[in-house]
Amino acid sequence: MSVFRALAAGLAVGLALVLQVSLFPHLAWHGIVPNLCLLVVVGAALTRGPQFAAVLGFTAGVLLDLAPPADHVAGRWALALVIVGYLAGRVRQDVRPTAIAVVVTVAASSFVGTSVFALSGLLLRDPALSVPDLLQVILVAVVWDIVLTPFVLPLVMRMFHRLQPARATA
Amino acid sequence: MAGLNRFDKRNRHERRWRGEDRLDDRNRPSRALLVALLLGCLTLITLDYRGGSDSPLEPARRTVGEVLGPVEAGVATAVRPFTAVPDFVRSRNALQNDIAELRAENSQLRGAAATSSYDRNRLEEFDGLTAAAEALQYALVPARVVGLGPSQSFSRTATIDAGSDAGIRPDMTVLNNDGLVGRVLRVTRSTATVLLVVDGESVVGGRVGESMDLGFLHGRGILGAQGRLDLELVDDSVVPDKDDSVVTWGSESGAPYVKGIPVGRVTSVFSSVRETTHHAVIEPYVDFGSLDLIGVVVPSGTRSDRAVIEADGSLQ
């Protein structure tokens with residue numbers, strides 16, 4: 001069961017990554033696309049808590065870092081998504097989160113995730129971009145992620161809820 | 001007896017507390033795991049950053065590329081008919097506008113526009129690539145863009161659906177009908193990663209067409225309408241004119257850039273007193289927001305898994 005769960009989570013991340021790279025550039029605004037991998041990690045955090053989400057964040061981040069056409073220093077998205085998974089998992093209560101809570105969590109996660117990535121880039125001098133440019137990209141990314149939330153998060157959360165071990169044994 | 005009872009009770013009490021603790025623990029993340037994951041990330045960053053171009057993560061990149069590259073190509077092929085629809089409508093609209101303007105003097109155009117279709121557009125693109133190969137005297141391997149890196153990653157790269165099987169190697173020049181697109185960074189068997197010239201880390205040697213002056217073109221890392229290149233001239237006494245075209249001046253043995261590929265035109269020139277050189281802003285001929293069919297410059301006679309457009313325009 002746990003192998004199946006890991007496989008399902010991995011597939012969700014892989015699908016998110018491929019769609020993000022191959023489908024959404026056609027809809028992108030200045031190349032900025034919704035970060036589907038981040039949405040999957042947030043969905044996992046809201047249903048399964050920070051520990052699972054941090055591990056999933058690491059996996060998704062390493063994939064984002066290595067899958068073509070990525071060319072930045074590997075490990076940067078992994079770092080950003082581990083932090084996102086951990087933080088988003090901390091706001092989870094035992095009650096089902098309301099729609100507003102989900103949207104707010106996604107917005108905050110998206111902001112934190114892209115910012116951590118951008119800051120790591122500034123430290124490593126990986127992209128030679130100015131702070132206003134970075135901020136513009138971060139804010140547009142937040143808007144994109146919020147727009148996609150109603151379509152992606154319910155699916156992802158239902159999937160992780162189904163795969164929860166407590167429910168499987170009950 | 002009474003003492004034992006009390007001990008028992010306390011023991012049970014304690015056990016219950018410990019049990020609840022464990023329940024809480026499941027919701028609380030383990031510090032050790034988080035620290036391990038963060039250290040893992042930092043290790044990856046350090047390994048890749050220090051390693052540079054022969055980083056220990058290159059084999060991992062290649063492996064992930066071998067697996068995910070074909071999937072990306074498959075998804076891109078599946079969505080292409082749908083994503084091409086706006087282009088098709090746009091080009092039809094453009095054609096119809098032309099007709100409205102020219103109807104009085106050119107009735108032939110009307111007929112041409114009426115027969116235009118999606119397939120015809122695609123054919124024209126291939127024709128354009130063939131013409132480009134002929135004009136530039138280079139052999140080209142045609143390929144399609146199947147993935148674009150997100151702007152959130154702050155680097156401008158693309159995946160194309162041709163790799164080492166098609167005869168593509170790192171440091172080959174990539175272009176389309178309009179001009180220079182970029183260069184190949186790394187290849188897998190069926191895909192390749194291309195660094196676009198608008199990437200912040202891209203530097204291309206450029207020559208201003210009118211005056212033949214040399215300079216370096218730096219990308220700004222921004223895509224779309226604001227995608228611009230900065231030209232820094234080697235000779236500080238020359239000032240490029242507005243609308244001058246810039247072509248590549250090429251490197252030895254044609255890697256990573258072959259010479260004479262049009263890059264863009266000068267839109268504005270400004271000089272900084274302190275640095276005593278002139279900077280020009282270049283608008284690339286290529287629209288990086290809607291890249292599709294591209295060609296990779298290969299040596300003539302390359303063995304490939306697809307038709308190679310030879311320099312004389314023939315297919316091989």
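Residues numbered from 1 in each chain as written. Chains lettered and ligands numbered in written order. Predicted model: local features only at pLDDT ≥ 70, side-chain atom pairs only at ≥ 80, totals over all residues.

### Comments concerning the interface of chain A and chain B
Argument step 1. At the interface, 46 residues of chain A touch 49 residues of chain B.
Argument step 2. Elements with a minimum of two residues in the side of chain A that touches chain B: helix 1 (2–22), helix 3 (50–66), helix 4 (76–90), helix 5 (99–124) and helix 6 (131–162) of chain A.
Argument step 3. Considering every element that reaches the side of chain A that touches chain B, the biggest residue donor is helix 3 of chain A, with seven residues.
Argument step 4. Here the residues of the side of chain A that touches chain B sort into 30 nonpolar, 13 polar and three charged. (Contact = placed C-beta atoms within 7 Å. Helix = DSSP H or I, 4+ residues; strand = E, 2+ residues; numbered from the N terminus. Nonpolar A, V, L, I, M, F, W, Y, C, P; charged D, E, K, R; others polar.)

### Remarks on helix 1 of chain A
Argument step 1. Compared with an ideal rise of 1.5 Å per residue, which puts 21 residues at 30 Å, helix 1 of chain A spans 30 Å between its outermost C-alpha atoms and is within 8% of the ideal.
Argument step 2. Among the residues making up helix 1 of chain A, those that are buried are A9(A), A12(A), V13(A), A16(A), L17(A), V18(A), Q20(A), V21(A) and S22(A). (Expected span 1.5 Å × (residues − 1). Buried ≥ 20, exposed ≤ 12 C-beta atoms within 10 Å, placed from the backbone.)

### Focus: the confidence of the model for chain B
Argument step 1. Mean pLDDT over chain B works out to 77, with 73% of the residues at or above the 70 mark.
Argument step 2. Note that pLDDT drops below 50 for residues 9–25 of chain B; the model gives that stretch zero contacts with residues more than four away or on any other chain. (pLDDT = per-residue confidence, 0-100.)

### Remarks on unusual backbone geometry
Argument step 1. In this structure, the amide linkage connecting P68(A) to the following residue, P69(A), adopts the cis form with an omega of 5°.
Argument step 2. For P69(A), the position within the fold is in the loop between helix 3 and helix 4.
Argument step 3. We note that F154(B) has phi near 60°; this positive angle belongs to a residue other than glycine.
Argument step 4. As for its position among the elements, F154(B) is in the loop between strand 1 (139–148) and strand 2 (157–160).
Argument step 5. Here the phi dihedral of D243(B) falls at roughly 75°; this positive angle occurs in a residue that is not glycine.
Argument step 6. Tracing the chain through its elements places D243(B) in the loop between strand 8 (229–233) and strand 9 (245–248).

### Observations regarding the sheet that holds strand 3 (residues 173–175) of chain B
All names here are of chain B.
Argument step 1. If you walk around this closed barrel you meet the six strands as 1-2-5-4-3-12, and the pairing is antiparallel. Averaged over all pairs of adjacent strands, the angle between strand axes in this sheet comes to 45°, irrespective of strand direction.
Argument step 2. Bridge count between strand 1 and strand 12 (residues 293–298): six bridges; the pairing is antiparallel. Its bridge partner lying in strand 12, R144 is registered against L293. (Pairing = 2+ DSSP bridges. Axes fitted to C-alpha atoms, helices over the stretch in contact; angles between N-to-C directions.)

### Considerations on the packing of helix 3 of chain A against helix 2 (residues 31–51) of chain B
Argument step 1. Direction vectors running N to C along helix 3 of chain A and helix 2 of chain B enclose 10°, while the axes themselves pass 10 Å from each other. When the interaxial angle is binned, helix 3 of chain A and helix 2 of chain B end up roughly parallel. Of helix 2 of chain B, the residues touching helix 3 of chain A (which contributes Q51(A), A54(A), V55(A) and F58(A)) are L33(B), L34(B), L37(B) and G40(B).
Argument step 2. Here the contact of helix 3 of chain A with helix 2 of chain B is built from residues that sort into six nonpolar, two polar and no charged. (Parallel < 35°, antiparallel > 145°, perpendicular 65-115°, else oblique.)

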